Amino acid sequence: MGIPVFILAGLLVHCVFLVSIFDIYFSSPLVHGMTPHQTPLPPPAKRLVLFVADGLRADSLYELDSNNTSLAPFLRGILENNGSWGISHTRVPTESRPGHVALIAGFYEDVSAVAKGWKENPVEFDSVFNESKHTWSWGSPDILPMFAKGATGDHVYTFCYTAESEDFGAEDAAKLDTWVFDHVKSFFNSSRSNQTLFSALNEEKVVLFLHLLGIDTNGHAHRPNSREYKENIKIVDKGVEEITSMIDNFYGNDGKTAFILTSDHGMTDWGSHGAGHPSETLTPLIVWGAGVNYPQKVTSQFFEDNFLKEWKLENLKRLDVNQADIAPLMASLIGVPFPLNSVGTLPLEYLNNSAHFKAESMFTNAIQILEQFKVKMSQKKETTLSFLFTPFKPLSDSEQINFLKKARLYIQQQKYDEAVSLCKTLINLALEGLSYYHTYDRLFLGLSIAVGFVGWTTYVILVIIKTHTSLTKTVQAKNKESTVLFYGFAFVGMIIAFFLLIQTCPWTYYVYCLLPVPVWYAVAREIPVIQDLAANLLSLRVDQSIGFLLVCVLGIEILVFSFFYRSALTVGLLVFAGWPVMTQLWVQAKTTALIWTLLCVLLAIFPLMPVVGREANIPLVIASGLLTLLISCFSLASRKSENQYRNNQDLKVHVYQMLSVALSTYVVSSTHDSLKNKQGLPLLNQVISWLTLVSSLVLPLLSPTFLFQRLFSILLSLMSTYLLLSTGYEALFPLVLSGLMFVWINMEQEALQHYGLSLKPKLAGFDFACATDITQFRQLHLDDVRRSFFFVFFIVTAFFGTGNIASVNSFDPASVYCFLTVFSPFMMGGLLVLKVVIPFVLVSCAFEAVQVTAQLSSKSLFLIVLVISDIMALHFFFLVKDYGSWLDIGTSISHYVLVMSLTIFMMLMNGLAQLLTTKRLGLPRRTKHHST
């Protein structure tokens with residue numbers, strides 16, 4: 001197999017492995033074709049007002065300050081005297097879109113939908129707004145259009161401010177909320193002179209939705225403990241009070257309006273959300289008005305979180321719900337059909353209504369969820385051979401009829417409590433059944449992928465042994481045998497395809513199930529190599545082989561462990577620090593070994609630090625910039641003294657890069673001051689930031705291709721961009737990492753000499769451009785496995801050194817304020833990804849240097865890297881969970897996606913590193929006449 005074909009096959013196989021996880025764990029749970037159901041009794045409310053305070057934490061709203069006063073006196077008064085309250089528990093990912101879908105449509109959106117589009121509707125779904133007679137909504141252009149587009153007909157009206165208004169660097173984001181309140185007031189005032197609008201507002205089944213984004217924006221910009229965030233809560237409280245009183249007056253205090261105030265997600269103390277920390281998943285819920293229970297006094301109640309005492313609410317009954325339960329609550333209050341895809345259970349304790357009404361509502365809720373179960377079951381039945389189909393036993397057809405008959409009988413006999421508890425049992429069973437059919441093919445698909453995985457890794461190991469080592473003699477298989485093999489595997493492939501065809505499976509199933517066939521065929525063709533290898537291995541000493549295997553396993557386990565506990569990286573780096581002593585390398589290079597040990601210990605500190613983004617520390621970023629400049633000056637002086645600059649152009653590039661670092665340091669400092677004083681992002685700073693970003697990709701290509709000069713040029717260019725994206729100690733990370741990389745290149749030269757693998761070339765004069773012409777590559781040695789392991793370890797350190805999965809999942813825009821402050825999820829996400837990629841590039845370029853100076857073809861070491869990362873990925877494939885807390889599920893899937901992306905990413909990084917190190921752009925020169 002040629003190199004390009006092999007790389008393409010590798011990319012394809014890994015892309016399939018990566019995408020498979022979304023098909024197996026994250027296919028959309030939605031089904032279509034159900035009949036809408038609503039409670040047959042008259043509802044208590046004609047209209048519903050829904051306030052969603054985006055990014056509002058439960059503790060921020062409920063807690064009292066040092067003077068025992070609340071930030072939201074009106075809402076505090078409501079929950080003490082007029083309505084019911086509790087905590088709404090959200091699920092991961094705690095982002096605005098999935099939060100609103102859970103609130104308004106009653107189901108938890110899967111990640112595939114979030115990945116397909118932030119603002120649009122990637123999947124059609126029903127919502128309370130869609131079922132209403134009219135819905136008027138005011139707020140963010142990121143949220144409102146989603147529900148208007150999904151609605152049938154044109155009865156969902158939206159009024160949005162411009163996207164540019166969502167500026168994290170603005171004077172005060174609370175103006176977003178005052179905009180909403182002012183527009184609602186003027187809307188009601190104008191309706192008095194507009195007969196059509198006036199009569200529409202007076203109809204039944206009307207929803208008014210106020211999306212208040214100010215709190216979220218202020219939380220991102222200033223953190224939730226800031227004065228701005230707290231002031232914004234006061235503004236929202238005042239606004240809710242004014243709107244409530246205005247609506248009551250408008251309808252002549254008819255007592256037919258229900259009000260709900262809640263939030264889509266919370267926020268961490270450092271101003272991010274997206275993961276599963278309690279500060280992100282606990283949101284407030286206050287309900288009052290028509291059909292809602294008054295506060296219920298209790299003498300004692302127990303909750304594990306101990307918040308009641310802090311909030312001084314021990315004597316008022318706290319009614320907790322899951323976020324999706326709010327949709328059926330809204331539907332029940334105004335008497336519209338429950339949203340078709342809702343999986344929420346109606347929280348009866350919030351309702352102030354007859355036992356009959358509660359029982360009927362619960363019955364409707366049960367039927368609506370059971371409908372989804374029936375559709376899901378019939379879909380699965382149609383696509384599975386009858387003798388292979390295993391139904392969900394607790395809800396067979398007869399059981400369903402039995403449940404419904406019994407519940408209906410209880411309602412007729414006025415045994416309402418029994419009817420309610422039976423309906424709750426039915427709901428739980430139907431949800432279990434939905435999950436059962438949703439994950440029906442999971443084991444079968446998982447096994448197919450695992451078989452493909454093992455086959456691919458085996459094949460790569462065989463390719464390494466066959467082409468890059470002297471362990472085997474190349475033996476060609478006999479023609480007759482290979483023909484039999486080919487037809488055997490082709491026959492197996494046809495059987496699998498036929499089996500999938502008669503079950504009318506989706507096309508992706510064909511890919512997952514057929515992929516192992518060619519992979520294992522490629523392995524089977526190498527049987528002579530396997531036999532030869534086995535004979536060779538048997539001649540080795542057993543204790544040596546076992547020892548080597550144990551070290552390999554331990555190394556990979558430390559890498560896997562580091563995904564869960566960053567401190568594992570610290571342990572690994574401290575072991576690395578002792579590597580020169582263990583291998584006697586320090587004897588021949590004492591200074592280099594000492595610097596290596598020092599830098600390993602320094603880098604080992606980073607994984608012990610708190611995750612980036614929690615606390616901004618701009619002086620540290622400035623210090624990093626100045627330190628970079630200092631190192632550049634030293635480098636410039638030493639090269640000047642050694643007369644390494646062949647011409648003026650090289651010197652100009654170096655000076656320009658230093659200037660770029662100095663400018664970045666200034667921009668970070670002045671942008672931070674400007675935002676602190678609420679003056680927004682200065683235009684000049686924004687222009688400099690974007691120019692720095694663009695130039696940092698080109699400048700290294702203008703520098704000389706001598707090893708250390710080119711690597712130092714890459715560091716300076718990337719450092720200027722990294723400084724602009726830094727908010728704290730992480731600005732020092734690329735410096736320490738690059739220092740270690742430079743020493744690593746030197747240490748590897750010492751190791752080669754130590755094992756007698758090559759003569760020691762003069763590294764300073766080593767030219768990347770000439771290195772690509774080397775045709776005499778040496779064979780792999782056992783020590784090269786360690787080299788590859790070092791690279792994978794450094795790549796993982798580059799990722800987790802300053803953060804963890806949750807910090808990458810969380811959305812914290814503070815890092816991109818030098819580039820933009822107006823909310824733009826994809827642009828901001830792109831810049832955050834760039835920040836993560838920069839340390840990767842530094843490590844990849846150093847690895848490229850190690851390969852070239854160690855006289856190895858880039859393919860051979862890279863294949864070992866591929867094997868190590870594939871074994872890690874297989875680990876995580878089996879560690880993926882679909883149970884437990886949402887944080888556990890999200891993290892386990894993130895781990896797998898990350899390792900798979902790393903593998904694909906390292907293939908691309910390999911190419912990028914070759915480009916950055918070997919290519920050189922020449923600037924057009926003017927011819928000058930020198931007077932002698």
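Residues numbered from 1 in each chain as written. Predicted model: local features only at pLDDT ≥ 70, side-chain atom pairs only at ≥ 80, totals over all residues. Heavy atoms only, no water.

### Describing the overall build of the protein chain
This is how it is decided: Helical segments are the DSSP runs of H or I of at least four residues, strand segments are the runs of E of at least two, and each set is numbered from the N terminus. Note on exposure labels: buried denotes an accessible area under 20% of the residue type's maximum, exposed denotes more than 50%, and partly exposed covers the range between, all computed with a 1.4 Å probe on protein chains only. Any two residues whose heavy atoms approach within 4.5 Å are treated as being in contact. Here, Shrake-Rupley sampling with a 1.4 Å probe gives the accessible areas, and only protein chains in the shown set may cover a residue.
Counting secondary structure elements, the protein chain contains 38 helices and 8 strands. Here the protein chain, with 932 residues, has 57% of them falling under the buried criterion. Within the protein chain, contacts between residues separated by at least 24 positions form 80% of all contacts whose residues are at least 6 apart in sequence. Here the protein chain displays about 39600 Å² of accessible surface, and carbon together with sulfur accounts for 63% of that area.

### Focus: the side chain of Ser342
Formally: Polar contact is the term for a pair of N or O atoms within 3.5 Å; when the atoms are in protein, one must be able to donate a hydrogen and the other to accept it, and sequence-neighboring residues count only if both atoms are side-chain atoms.
With respect to the helices and strands, Ser342 occurs in the loop between α14 (326–334) and α15 (355–382). A polar side-chain atom of Ser342 sits 3.2 Å from the main-chain amide nitrogen of Gly344. Non-local contacts of Ser342, meaning those with residues more than four positions away in its chain, are made with Ala105, Gly106, Ala324, Pro328, Gln368, Ile369 and Gln372.

### A short note on the side chain of His211
The topology assignment puts His211 in strand β5 (residues 206–212). According to the relative accessible area criterion, His211 is buried, its value standing at 0%. At 2.9 Å, the side chain of His211 and the side chain of Asp54 are in polar contact. Filtering out sequence-adjacent residues up to four positions away, His211 remains in contact with Val52, Asp54, His100, Trp138, Gly139, Ser140, Ile143, Leu144 and Val180.

### A word on the pattern of salt bridges
Quick reminder of the rule: For this document, the term salt bridge refers to a Lys or Arg side-chain nitrogen within 4 Å of an Asp or Glu carboxyl oxygen.
Scanning the entire structure with this criterion turns up 19 salt bridges. Between Asp59 and Arg57 there is a salt bridge; the shortest N-O distance is 2.9 Å. Each member of the pair Asp59 and Arg57 is classed as buried. Through salt bridges that share partners, Glu748, Asp784, Arg786 and Arg787 make up one connected network.

### Some thoughts on the pairing of strand β1 (residues 47–53)
Basically, it comes down to this: Think of it this way: DSSP has to see at least two bridges between two strands before they count as a pair.
Burial of β1 is extensive: 7 of the 7 residues sit out of reach of the surface. Residues of β1 alternate between two faces, with Arg47, Val49, Phe51 and Ala53 on one and Leu48, Leu50 and Val52 on the opposite face, all of them buried. Of the pairings in the sheet, the one linking β1 to β5 comprises 7 bridges and is parallel in character. By the bridge assignment for β5, Arg47 is matched with Val206. Relative to strand β6 (residues 257–262), β1 is paired through 6 bridges, and the arrangement is parallel. Across the sheet, the residue bridging to Val52 is Thr262, located in β6.

### Some words on the sheet that holds strand β4 (residues 156–160)
Across a sheet, paired strands are connected by hydrogen bonds in the backbone, their directions being either parallel or antiparallel. Definition in use: Simply put, an axis is a line fit to the C-alpha atoms, just over the touching stretch for a helix, and the angle between two N-to-C directions goes from 0 to 180 degrees.
Strand order in the open sheet formed by 8 strands is β4-β3-β5-β1-β6-β7-β2-β8, with mixed pairing between adjacent strands. On the outer flanks of this sheet lie β4 and β8 (321–322), each paired with one strand and no other. In the packing of helix α8 (residues 175–191) onto the sheet, contacts are made with β3 (134–139), β4 and β5, and the angle to β5 comes to roughly 155°.

### Considerations on the nonpolar core
Condition: What makes a nonpolar core is a set of buried Ala, Val, Leu, Ile, Met, Phe, Trp, Tyr and Cys residues whose side-chain atoms join them at distances within 4.5 Å.
Counting residues in hydrophobic clusters, the biggest one holds 144 residues, and the most contacted among them are Phe576, Trp596, Trp744, Phe794, Met872 and Tyr896. No other element matches the 15 residues that helix α36 (residues 825–853) contributes to this core. Not counting residues within four places of it along the chain, the set of residues in contact with Tyr896 comprises Phe17, Leu18, Ser20, Ile21, Phe453, Ala873, Phe876, Phe877 and Val880. Counting residues in each nonpolar core, the second largest holds 69 residues, with Leu48, Leu144, Phe389 and Cys423 among its members.

### Details of the packing of helix α16 (residues 397–412) against helix α17 (residues 416–438)
We count it as follows: Oblique is the label for any angle not under 35 degrees, not over 145, and not in the 65 to 115 range, which are roughly parallel, roughly antiparallel and roughly perpendicular in turn. By definition, turning the near helix anticlockwise from the far helix through less than a right angle yields a left-handed crossing, and turning it clockwise yields a right-handed one. Polarity classes work like this: nonpolar for Ala, Val, Leu, Ile, Met, Phe, Trp, Tyr, Cys and Pro, charged for Asp, Glu, Lys and Arg, and polar for all others, with Gly in that last group.
Their axes nearest at 8 Å, the elements α16 and α17 cross at an angle of 160°. Between α16 and α17, the crossing angle belongs to the class labelled roughly antiparallel. When you trace α16 past α17, the crossing you get is left-handed. Contacts from Phe403, Leu404, Lys406, Ala407, Tyr410 and Ile411 of α16 reach α17 at Tyr416, Glu418, Ala419, Leu422, Cys423, Thr425, Leu426 and Leu429. For the contact of α16 with α17, the residue count by class is 11 nonpolar, 1 polar and 2 charged.

### Some thoughts on unusual backbone geometry
Unusually for a residue other than glycine, Asn306 sits at a positive phi of about 55°. On the secondary structure map, Asn306 appears in the loop between β7 (282–289) and α13 (307–311). Here Lys312, not a glycine, exhibits a phi torsion of approximately 55°, which is positive. For Lys312, a relative accessible area of 47% gives the class partly exposed.

### Regarding a nonpolar patch on the surface
Put simply, the test is: By definition, no residue in a patch forms a salt bridge, and every one has over 30% relative accessible area; like charges are joined within 9 Å, nonpolar side chains (Val, Leu, Ile, Met, Phe, Trp, Tyr) within 5 Å.
Residues Phe387, Leu388, Phe498, Phe499 and Ile502 make up a contiguous nonpolar surface patch of about 520 Å² in total accessible area. Counting through the fold element by element, Phe498 comes out in helix α19 (residues 479–502).

### What to know about the packing of aromatic side chains
What counts here: In this analysis, rings of Phe, Tyr and Trp, with Trp reduced to its six-membered ring, are considered paired at centre separations within 6.5 Å, and the interplanar angle assigns stacked below 30 degrees, edge-to-face beyond 60, and tilted for intermediate values. Charges are assigned to positions over rings by a cutoff of 6 Å between ring centre and Lys NZ or Arg CZ, combined with an angular limit of 35 degrees from the ring normal.
Overall, the coordinates contain 60 aromatic pairs when judged by the stated rule. When the ring of Phe17 is compared with that of Phe453, the centres are 4.2 Å apart and the planes differ by 15°; the resulting orientation is stacked. Residue Phe17 is found in helix α1 (residues 3–25), and its partner Phe453 is found in helix α18 (residues 442–468); the two are separated by 436 residues along the sequence. Comparing Phe17 with Phe453 shows no difference in burial state: the two are buried. Geometrically, the ring pair formed by Phe564 and Phe876 is tilted, given 6.1 Å between the ring centres and 45° between the ring planes. Note that Phe564 is positioned in helix α23 (residues 542–564) and Phe876 in helix α37 (residues 858–879), a separation of 312 residues in sequence. Since its relative accessible area comes to 41%, Phe564 is described here as partly exposed. Following the ring pairs from residue to residue traces out a cluster consisting of Phe576, Trp579, Trp596, Trp744, Phe789, Phe790, Phe791, Phe793, Phe794 and Phe847. The aromatic ring of Phe303 is capped on one face by Arg318, whose charged end is 3.8 Å from the ring centroid.

### Observations concerning the packing of helix α30 (residues 683–698) against helix α31 (residues 707–724)
Taken N-terminus to C-terminus, the directions of α30 and α31 make an angle of 150°; their axes are 8 Å apart at the nearest point. By the angle between their axes, α30 is roughly antiparallel relative to α31. When the axes of α30 and α31 are compared, the crossing they make is left-handed. Counted together, Ser689, Thr692, Leu693 and Ser696 of α30 and Ser717, Ser720, Thr721 and Leu724 of α31 form the full contact between these two elements.

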